[in-house]
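Listed below, chain by chain, are the residues.
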Amino acid sequence: MPDGRATAMDETALRVALWRALHLRVDAPPHVLEDEIGLRLAAPGDAWCHRPDMERRATGRMRASIVARARFLDDLVVERARRGVTQYVVLGAGLDTFAQRRPEIASGMRVFEVDRPGPQAWKRQRLTELGFDLPDWLRFVPVDFEAGRSWWERLSAAGFDPGRPAVVASTGVTMYLTKDATAATLRQVARLAPGSTLATTFMLPLDLVAPDERPLLEATEASARAAGTPFLSFFSPPEMRALARESGFREVRHVSAASLARLYFAGRTDGLRPSSAEELLVATV
């Protein structure tokens with residue numbers, strides 16, 4: 001919305017926040033990520049755990065993917081911050097809570113949250129209502145993507161310095177974009193200062209997903225289509241790596257679901273592990 005009025009947060013972003021909180025409620029410790037701030041922002045009511053899309057067993061692998069990718073990004077940003085990187089850009093921020101959960105790291109950086117104006121205004125309003133500070137180092141960057149507005153131009157206007165390295169994160173976004181749009185984003189980030197890093201998730205084609213997960217993925221796709229937000233793009237890992245190299249990145253790394261399982265779920269006895277449907281690309285300029 002051009003005027004920035006608050007509108008309800010996207011259902012997908014709400015679901016992600018609730019899954020992060022559900023991890024603490026139904027999965028045994030050690031927890032991969034501790035985040036109930038998104039739940040407080042969403043304020044879904046006492047019965048939220050009983051929603052069909054919160055069913056403990058059916059959503060286990062998707063829930064594990066959500067907390068694994070958030071933890072991976074936390075660890076990546078912390079590691080890059082220790083190397084002197086002072087800018088962090090979250091594309092399609094939704095109910096991302098890094099700034100609230102990790103202020104000891106975030107306050108030494110400039111954190112730019114890029115999202116659509118209406119949902120972003122809603123989030124800012126909820127943060128204020130819950131008593132969270134909106135410090136100067138946290139920059140909200142509203143972009144009306146549907147109107148063809150450039151997130152890059154708005155980011156620069158919000159104080160982003162393209163001459164200094166940054167971490168750019170984009171999770172749960174590429175499946176809703178055309179492959180051309182994803183390629184354009186990669187080329188834009190690849191033009192940032194040396195030492196900049198992009199971390200993005202991507203969905204695998206159905207034939208590369210574990211057979212036992214395919215029915216749930218098909219149902220998720222159908223639900224997204226019915227909601228008017230169909231999945232548009234899927235990438236194999238070699239395809240995603242090649243796209244990043246062609247875009248100009250110096251180093252490209254594929255982080256598989258199996259790698260995330262080894263990093264964050266080793267030794268668990270409850271069988272919790274990330275979905276094989278979504279994986280990560282980490283590319284450095």
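Residues numbered from 1 in each chain as written. Predicted model: local features only at pLDDT ≥ 70, side-chain atom pairs only at ≥ 80, totals over all residues. Heavy atoms only, no water.

Caption draft 1: Here's a closer look at the overall build of the chain. Within the chain, the secondary structure is distributed over 11 helices and 7 strands. Relative to its length of 285 residues, the chain is compact, with a C-alpha radius of gyration of 18 Å against a globular reference of 19 Å. A total of 285 residues make up the chain; the buried ones form 53% of that total. Put simply, of all contacts in the chain between residues at least 6 apart along the chain, 78% involve residues at least 24 apart. For the chain, the centre of its 38 positive side-chain charges and the centre of its 36 negative side-chain charges are spaced 3 Å apart. (Helix = DSSP H or I, 4+ residues; strand = E, 2+ residues; numbered from the N terminus. Rg over C-alpha atoms; globule rule 2.2 N^0.38 Å. Buried < 20%, exposed > 50% of the residue type's maximum accessible area, 1.4 Å probe, protein only. Contact = heavy atoms within 4.5 Å. Lys, Arg positive; Asp, Glu negative; His and termini not counted. Charge placed at Lys NZ, Arg CZ, Asp CG, Glu CD.)

Caption draft 2: Inspection of helix α10 (residues 237–247) at higher detail. Among the residues of α10, Pro237, Met240, Leu243, Ala244 and Ser247 are the ones counted as buried. Along the axis of α10, the buried positions cluster into a sector of 130°, meaning they face one direction only. Glycine 248 occupies a position one or two residues after α10 and carries a positive phi of about 115°. (Arc of directions from axis to C-beta.)

Caption draft 3: Quick look at the sheet that holds strand β5 (residues 197–203). In space, the 7 strands of this open sheet follow the order β3-β2-β1-β4-β5-β7-β6, with mixed pairing throughout. Because the sheet does not close on itself, it has two edges, and the strands there are β3 (138–142) and β6 (251–255). Pairwise comparison of adjacent strand axes, ignoring direction, gives a mean angle of 15° for this sheet. Looking at chain direction, strand β4 (residues 167–170) and β5 are connected through 4 bridges and run parallel. Paired with valine 168 across the strands is leucine 198, a residue of β5. (Pairing = 2+ DSSP bridges. Axes fitted to C-alpha atoms, helices over the stretch in contact; angles between N-to-C directions.)

Caption draft 4: Up close: the packing of aromatic side chains. Considering all chains together, one arrives at 6 aromatic pairs under this definition. Between the aromatic rings of tyrosine 88 and phenylalanine 98, the centroid separation amounts to 5.4 Å while the plane-to-plane angle is 80°, which identifies the pairing as edge-to-face. Separated by 10 residues along the polypeptide, tyrosine 88 in strand β1 (residues 87–91) and phenylalanine 98 in helix α4 (residues 98–101) bring together distant segments of the chain. A relative accessible area of 2% places tyrosine 88 in the buried class. (Phe/Tyr/Trp six-rings, centres within 6.5 Å; stacked < 30°, edge-to-face > 60°.)

Caption draft 5: Region of interest: the environment of glutamate 278. Secondary-structure assignment places glutamate 278 in strand β7 (residues 278–284). In the structure, glutamate 278 is positioned 22 residues away from serine 256 in sequence and 8.2 Å away in space, judged by C-alpha atoms. Looking at glutamate 278, its side chain comes within polar contact range of the side chain of arginine 69, at 3.0 Å. (Polar contact = N/O pair within 3.5 Å; in protein donor to acceptor, adjacent residues only side chain to side chain.)

Caption draft 6: Molecular detail of the side chain of threonine 197. In this fold, threonine 197 is placed in strand β5. At a separation of 3.2 Å, a polar atom in the side chain of threonine 197 contacts the side chain of arginine 80. Not counting residues up to four positions away in its chain, the partners in contact with threonine 197 are Leu76, Arg80, Ala166, Val167, Val168, Val282, Ala283 and Thr284.

Caption draft 7: Inspection of the side chain of lysine 123 at higher detail. Checked against the element boundaries, lysine 123 lands in helix α6 (residues 117–129). In this structure lysine 123 touches Met9, Gly94, Leu95, Asp96 and Glu113, once residues within four positions along its chain are discounted.

Caption draft 8: Highlighting helix α1 (residues 11–26). Helix length check: α1, at 16 residues, gives a terminal C-alpha distance of 22 Å against a target of 22 Å (1.5 Å per residue), a fit within 8%. Within α1 the residues assigned to the buried category are Ala13, Leu14, Val16, Ala17, Leu18, Trp19, Arg20, Ala21, Leu22, His23 and Val26. On its buried face, α1 is in contact with α2 (37–42), α3 (60–82) and α6. (Expected span 1.5 Å × (residues − 1).)

Caption draft 9: Highlighting unusual backbone geometry. The amide bond that connects proline 29 to the next residue, proline 30, takes the cis arrangement and shows omega of 5°. Tracing the sequence through the fold places proline 30 in the loop between α1 and α2.

Caption draft 10: Region of interest: the pairing of β1. β1 sits mainly inside the fold: 5 of its 5 residues count as buried. Residues Gln87, Val89 and Leu91 point to one face of β1 and Tyr88 and Val90 to the other, with burial holding for every one of them. Summarising the sheet, β1 and strand β2 (residues 110–115) pair through 5 bridges and their orientation is parallel. Bridge assignment links valine 89 to a residue of β2, and that residue is phenylalanine 112.

The quantities given are spatial measurements derived from coordinates; they are silent on function.
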